[in-house]
Each structure stands twice: as structure tokens, then as C-alpha cells.
Amino acid sequence: MDEIPLEKAIGLIYPRITVLVTTQNAKGKTNAAPYSWIAPVSFKPPMLYLGIQRRETLTIKNMRETKEFVVNIVTKEWASKAIACEAKIPDKIEKSGITMKESKKVKAPSAAEAKIVLECKLHKIIETDKADHFLVIGEIVHAEKDEGLKDKEIVMHYTGANFVSPGPGYKVERKK
Ligand SMILES: Cc1cc2nc3c(=O)[nH]c(=O)nc-3n(C[C@H](O)[C@H](O)[C@H](O)COP(=O)(O)O)c2cc1C
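Draft legend 1. Looking closely at a nonpolar patch on the surface. On the surface, Tyr14, Tyr158 and Val164 cluster together into a nonpolar patch covering about 260 Å² of accessible area. The topology assignment puts tyrosine 14 in the segment before strand E1 (16–17). Since its relative accessible area comes to 42%, tyrosine 14 is described here as partly exposed.

So this is what it looks like as C-alpha cells:
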């Protein structure tokens, strides 16, 4: 085993599913940004976690204002468009070419390109005195999936500009 410098330790938790988080501000202006620090928190009710840098990103500002957001799972077909939404530029959604559609249970729109959509109500933004990311907890209030989705289409973030997709599945026996 090789020792890895601690500043690279978090990069060892990989690959991470890539999502586009869509939000709206109080005036109804939509924002979108890619994220890969995402994990489940609860089955019942269904809840998830997002790790968002501890600064006032547009995503965090909008979440604080309207208390909702949408997690759009990114697939290969529109990955470059989703990743383009990382840019801190005006009208980044229009420039990315992503089409927004109305969500079912929240005002923030969803990406029409997404084959999995999780509409969420903000539960809590937790700020610890040590971590450099906010722990954003959301409750899923509506979930949608295109049943034609193939695992290999899913885009996982590896590091920097490197991404991987799931390969063929296999079984590992579980004794319960
Ligand atoms: C593939 C990818 C994954 C990212 N994952 C995260 C993440 O998990 N947490 C985070 O804070 N920023 C992440 N970012 C960076 C944000 O997208 C970036 O800070 C963005 O500018 C925030 O935009 P906003 O100000 O519109 O919210 C990621 C960027 C990319 C390209």
C-alpha cells in the first residue's frame, strides 16, 4: 500500500455519481450547477445529502430563499452541457443548451435531458465548525426515472475532468 497525502484523501472516495442541481431564487430565476458529493441519508422518508462548498454559491443562496431543489442525474448524452454549468457566468443554462421543464412538486424546474429526476424540499443546511462544505439535506418529494436508462450511460466523477461510467454488473452473495 502507498501512503496518500491527506489533501488527496477525499479523492479516494470515487467514483461519485454526477448530478445537476437545479434551483430557483425568490424571483423565479433558475440556476443549475454540477455536483458529485451526493449520498442517501434516509429510506423513510427518502432523504439525500449534498456536500456544497462553504461559500455563498448561487445554489446555496437559492436553496436558502426557496427551500427546494432538484437533483438531475447526468448521463453521457448531455454530460458536457451539465458540466458547462459549473461556469460562473450569466445565463449559463441558456448557453449550455440544457432544456428546462416544469417539475411536478417543486417550483424549481428539472432538466428535460435527465433520465432520473429527484425533486427535493430542503430539510436542513448544516454548517460544522470544521468542514469546508455545507451538509445539505433534502427530502425527496417526487422521483422519476426513464426505465430505458442503461447503467453505462450514468456519468461518475473520478477526478478533475476525468469521468467513468459503470461497466457490466455482477453479483456478490449476501448472507442475511
Ligand atoms: C463534475 C463536477 C462535480 C462537482 N461537484 C461539486 C460538489 O460536490 N460540491 C461542490 O461544492 N462543488 C462541486 N462542483 C463545483 C460547482 O459546480 C461549482 O462550485 C459551481 O460554480 C457552483 O455554481 P453556483 O454558484 O451556480 O451554485 C463540481 C463541479 C463539477 C464539474
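Let us keep going from here.
Draft legend 2. Examining the packing of aromatic side chains more closely. For the coordinates displayed, the defined rule picks out one aromatic pair. Centre to centre, the rings of tyrosine 14 and tyrosine 158 are 4.7 Å apart; their planes meet at 45°, and the pair counts as tilted. With tyrosine 14 in the segment before E1 and tyrosine 158 in strand E11 (residues 156–159), this residue pair connects regions lying 144 residues apart in the sequence.

Draft legend 3. Representation of the environment of threonine 30 in the model. Among the secondary structure elements, threonine 30 is positioned in strand E3 (residues 30–35). Overall, threonine 30 belongs to the partly exposed group, its relative accessible area being 23%. For threonine 30, the contacting residues outside a window of four places in its chain are Thr23, Gln24, Ile93, Met100 and Pro109.

Draft legend 4. Highlighting helix H1 (residues 58–66). Burial in H1 covers these residues: Thr59, Ile60, Asn62 and Met63. Each buried residue of H1 sits inside an arc of 165° when the element is viewed along its axis, so together they form one side. Those residues of H1 hidden inside the fold are in contact with strand E2 (19–24), E3, strand E5 (47–53), strand E6 (68–73), strand E9 (116–126) and strand E10 (133–145).

Draft legend 5. Broad picture of the sheet that holds E2. The strand order across the open sheet built from seven strands is E3-E2-E6-E9-E10-E5-E4, with neighbouring strands paired in antiparallel fashion. A strand with exactly one partner marks an edge of an open sheet, and here the two such strands are E3 and strand E4 (38–42). Mean inter-strand twist for the sheet, computed between neighbouring axes without regard to direction, equals 35°. Where E6 lies against E9, five bridges are found, and the strand directions are antiparallel. Across the sheet, valine 70 pairs through a bridge with glutamate 119, a residue of E9. In the packing of H1 onto the sheet, contacts are made with E2, E3, E5, E6, E9 and E10, and the angle to E2 comes to roughly 50°.

Cut-off values and rules
Residues numbered from 1 in each chain as written. Predicted model: local features only at pLDDT ≥ 70, side-chain atom pairs only at ≥ 80, totals over all residues. Heavy atoms only, no water. Patch = residues over 30% accessible without salt bridge, like charges linked within 9 Å, V, L, I, M, F, W, Y side chains within 5 Å. Areas by Shrake-Rupley, 256 points an atom, 1.4 Å probe, with all protein chains shown as cover. Salt bridge = Lys/Arg side-chain N within 4 Å of Asp/Glu carboxyl O. Helix = DSSP H or I, 4+ residues; strand = E, 2+ residues; numbered from the N terminus. Buried < 20%, exposed > 50% of the residue type's maximum accessible area, 1.4 Å probe, protein only. Phe/Tyr/Trp six-rings, centres within 6.5 Å; stacked < 30°, edge-to-face > 60°. Contact = heavy atoms within 4.5 Å. Arc of directions from axis to C-beta. Pairing = 2+ DSSP bridges. Axes fitted to C-alpha atoms, helices over the stretch in contact; angles between N-to-C directions.

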